[in-house]
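Structural features, examined
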Amino acid sequence: MQNNMRAQTLYDKLWNSHVVRQEADGTALIYIDRHLVHEVTSPQAFEGLKLAGRKLWRKDSILAVADHNVPTTGRAQGIADPISRLQVETLDANCAEYGVTEFKMSDVRQGIVHVIGPEQGATLPGMTVVCGDSHTSTHGAFAALAFGIGTSEVEHVLATQCLLMKKSKAMQVVVEGTLGRGVTAKDVALAVIGKIGTAGGTGHAIEFAGSAIRALSMEGRMTLCNMAIEAGARAGMVAVDDNTIDYLRGRPFAPQGALWDKAVAYWRTLQSDEGAQFDNAVMLDATQIKPQVTWGTSPEMVVAVDGRVPDPDGISDPVKRDAAMRALKYMDLAAKTPIEKIKIDKVFIGSCTNSRIEDLRAAASIARGKHVAANVKLAMVVPGSGLVKQQAEEEGLDKIFIAAGFEWREPGCSMCLAMNDDKLEPGERCASTSNRNFEGRQGSGGRTHLVSPEMAAGAAIAGHFVDVSKV
Amino acid sequence: MNKFTFLDGLVAPLDRANVDTDAIIPKQFLKSIKRSGFGPNLFDEWRYLDHGEPGMDNSKRPLNPDFVLNKPRYRGAQILLARENFGCGSSREHAPWALEDFGFRTIIAPSFADIFFNNCFKNGLLPIRLTERQVDTLFSEVEAAPGYRLRIDLEQQIITAPDGTAYKFDVEPFRKHCLLNGLDDIGLTLQHVSEIRAYEAKHRAEQPWL
Ligand code: SF4
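Attention in this report is confined to the structure presented alongside it.

Reading the values: the criteria
Residues numbered from 1 in each chain as written. Chains lettered and ligands numbered in written order. Predicted model: local features only at pLDDT ≥ 70, side-chain atom pairs only at ≥ 80, totals over all residues. Heavy atoms only, no water. Disulfide = S-S within 2.5 Å. Buried < 20%, exposed > 50% of the residue type's maximum accessible area, 1.4 Å probe, protein only. Core = buried A, V, L, I, M, F, W, Y, C linked by side-chain atoms within 4.5 Å. Contact = heavy atoms within 4.5 Å. Near = heavy atom within 4 Å. Nonpolar A, V, L, I, M, F, W, Y, C, P; charged D, E, K, R; others polar. Phe/Tyr/Trp six-rings, centres within 6.5 Å; stacked < 30°, edge-to-face > 60°. Helix = DSSP H or I, 4+ residues; strand = E, 2+ residues; numbered from the N terminus. Lys NZ or Arg CZ within 6 Å of the ring centre and 35° of its normal. Pairing = 2+ DSSP bridges. Axes fitted to C-alpha atoms, helices over the stretch in contact; angles between N-to-C directions. Salt bridge = Lys/Arg side-chain N within 4 Å of Asp/Glu carboxyl O.

1. Structural notes on the state of the cysteines
All names here are of chain A. All told, the structure shown has 0 disulfides over all chains when counted by the stated rule. You can see C430 has no disulfide; the closest cysteine sulfur is in C416, sitting 11 Å from it. The exposure class assigned to C430 is buried, which follows from its relative accessible area of 0%.

Below you can see the structure in the form of structure tokens.
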């Protein structure tokens, strides 16, 4: 390969090790190691496979779970909505027919697809990981090349174990320094998006690097890579280090014994070489990042908690000004309102961005011994998986939340996208640890402010946003 | 997949940036296990005044008269003119399915989100990137001239405006080949079965834990 002679980025290494063949225009056939499947984007793919009379290429590459539609209360009664139920039953039937491993709704291992992959060790360094879901970028935290695909591509992977694609450009986002108290990976992610915009990473794979990233736990890195797609990048990634290896040791799908040692030796090479060239680079100073709150209907519409809602009159670009005006109207916010003056109606702690055990611990540490404010109609905690829920209960976090007036739910996507019964009513304002504040995302007419778990818990207690770095 | 070779179509302008796939087709419609029938719910929250749910008779729902696609002059549009970062957000292929089912064959914008861009080609939809300035020009022309049409020649990679102005656009040769011929790329990939098998054997030997 022509790249062997020069210093390679982590992305180069992951890409080069998966090229099956390449067309003259650079379109490559890329081999896929791990295929995660959920109920919303797979039924048409399995149907397509069947209609064309094609076989499944490699069933042991697939791990399936229902997460988007599942209820977070009263699981024993099944799914009430017949259309949602049919979608989940269709997944069950497809997995049974093709012999695919599936964690069913009653399985303690069930959860959000991007939480359970790493939790099971089904996501490993050096893999290509795909899923019919844009937040597949999450798995890049393990130095995997992980990205979301559409349903036609899901079918393509089912049938061929490969994807046709062109190599992206490489971007490096370097965050140096120590994060302040109460400042989390979520705030880093939002600060990056605020800086480069939601299209800033389009056409790129982002590698996150620097001392602040190395200091993050694997869960923090997952939060960060999860949000790479909100910066427009299909893939985000972090190099392998001891944190990566320690996290994976002993997980059910991870190798063991001699194979483990062999794998670790290879995984340790999954870093960008000294002097590797990136097409773009962005630097952030970790010490300058404060807790972030989005004010608009795109994740790039974000400010620090001690800031104010911007004034569209101060925006020179007409397309951006128009977008800001539209967003303020939708969000029912006046220009220049201090963020800490914004009152909320609901709180959602969950989603593939922030529903892991460390997220729940962080939120619980703020909620402990306090109570949800009177103006907050509902504050809910939705663990990312059954195993996260179990762990949290062993640590007594559920009791802290319940005593503070939060609801403690069953795992799933829940109010991140409100495909089940958990949703905002029109006009309701929510402090949410999820990843998208688009119009209607959490329910038609609902208003979403994206924050970290600490900030969401702080807002639940105060009834409005507060700077948790000062609490 | 439908072929795409040449299109002479009416243009509808959607003048906002960062149009996300949640807006293109809201989540309640993703519960369908079919690939078709999403057109009536394209841009559902903007297009109708009430809240849409699957199973409603969309022909009886109150339309939002201010939404551009509801204006009579844009009825039957096949070309959507849009702003930057069109199709951002979720990977749902239901977005191109809805656009295609509604009748669009082409989307012109200064930039597209990656996954959406990719998904279009799998469904006979042609997403075209022009410069911001070119898109600005087209927006003013469309708004000024009812019945404004563009001619799109994929073979030549040229868009022609009514006044004869030609806009050259880029498209990757492989994707162009597939669109022009309506090729199913799974079929193409399966022509390389032996190469995939050989790769797989080598890959497993190198990383036996996979
Ligand atoms: S939690 Fe939200 S963003 Fe994550 S997979 Fe589920 S719906 Fe998508």
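There is more to say after this.
2. Section: the nonpolar core
By size, the foremost hydrophobic cluster in this structure holds 111 residues, and its most contacted members are F406(A), F43(B), F86(B) and L99(B). Filtering out sequence-adjacent residues up to four positions away, F86(B) remains in contact with L14(B), V19(B), I24(B), F43(B), L80(B), L99(B), I107(B), A109(B), S111(B), F112(B), A113(B) and F116(B). I30(A), I79(A), V130(A) and L216(A) belong to the second-largest nonpolar core, a separate cluster that totals 98 residues.

3. Here's the deal with the site of the ligand
Neighbouring the ligand are H68(A), H114(A), D133(A), H135(A), S351(A), C352(A), C413(A), C416(A), L417(A), N435(A) and R441(A). In terms of residue class, the shell around the ligand is built from 4 nonpolar, 5 polar and 2 charged.

4. Digging into the packing of aromatic side chains
Under the defined criterion, the tally for this structure stands at 19 aromatic pairs over all chains. Centroid distance F112(B) to F117(B): 5.7 Å. Interplanar angle 45°. Geometry classified as tilted. Using a relative accessible area of 1% as the deciding quantity, one classes F112(B) as buried. Measuring from ring centre to ring centre gives 5.3 Å for F117(B) and F121(B), while their planes differ by 75°; the resulting arrangement is edge-to-face. Of this pair, F117(B) and F121(B) both sit in helix α4 (residues 114-121), 4 residues apart, which is roughly one turn of that helix. Exposure remark for F121(B): the relative accessible area of 8% places this residue in the buried category. Put simply, the rings of F86(B), F112(B), F116(B), F117(B) and F121(B) touch in pairs and so form one group of aromatic residues. Taking the ring centre of Y247(A) as reference, the NZ or CZ of R251(A) above it sits at 3.9 Å. Over the face of the ring belonging to F139(B) we find R83(B), whose NZ or CZ atom lies 4.0 Å from the ring centre.

5. Considerations on the sheet that holds strand β5 (residues 101-103) of chain A
All names here are of chain A. Pairing is parallel across the open sheet formed by 5 strands, whose spatial order is β5-β4-β3-β6-β7. Strands at the two margins of the open sheet, each flanked by one partner only, are β5 and β7 (145-148). When the angles between neighbouring strand axes are averaged without regard to direction, this sheet yields 20°. As judged from the 3 bridges shared by strand β3 (residues 34-37) and strand β6 (residues 128-131), these two strands associate in the parallel manner. Bridge pairing links H35 to V130 in β6.

6. Quick notes on the sheet that holds strand β9 (residues 169-176) of chain A
All names here are of chain A. In spatial order, the strands read β11-β10-β9-β12; together these 4 strands make up an open sheet with parallel pairing. Among the strands making up the open sheet, the edge pair consists of β11 (235-237) and β12 (280-285). On average, adjacent strands in this sheet sit at an angle of 20° to one another, irrespective of strand direction. Relative to strand β10 (residues 204-209), β9 runs parallel, the two sharing 6 bridges. From the neighbouring strand, A170 faces β10, where its bridge partner is A205. In the packing of helix α6 (residues 185-196) onto the sheet, contacts are made with β9 and β12, and the angle to β12 comes to roughly 125°.

7. Focus: the pattern of salt bridges
Taken as a whole and judged by the stated rule, the model has 41 salt bridges over all chains. We note a salt bridge from D22(B) to R441(A), for which the minimum N-O separation is 3.1 Å. One end of the pair, D22(B), is in helix α1 (residues 21-24); the other, R441(A), is in the loop between β18 (429-432) and β19 (447-450), on a second chain. Assessed through its relative accessible area of 5%, R441(A) is described here as buried. Linked by salt bridges that have partners in common, R58(A), D60(A), R197(B) and E200(B) make up one network.

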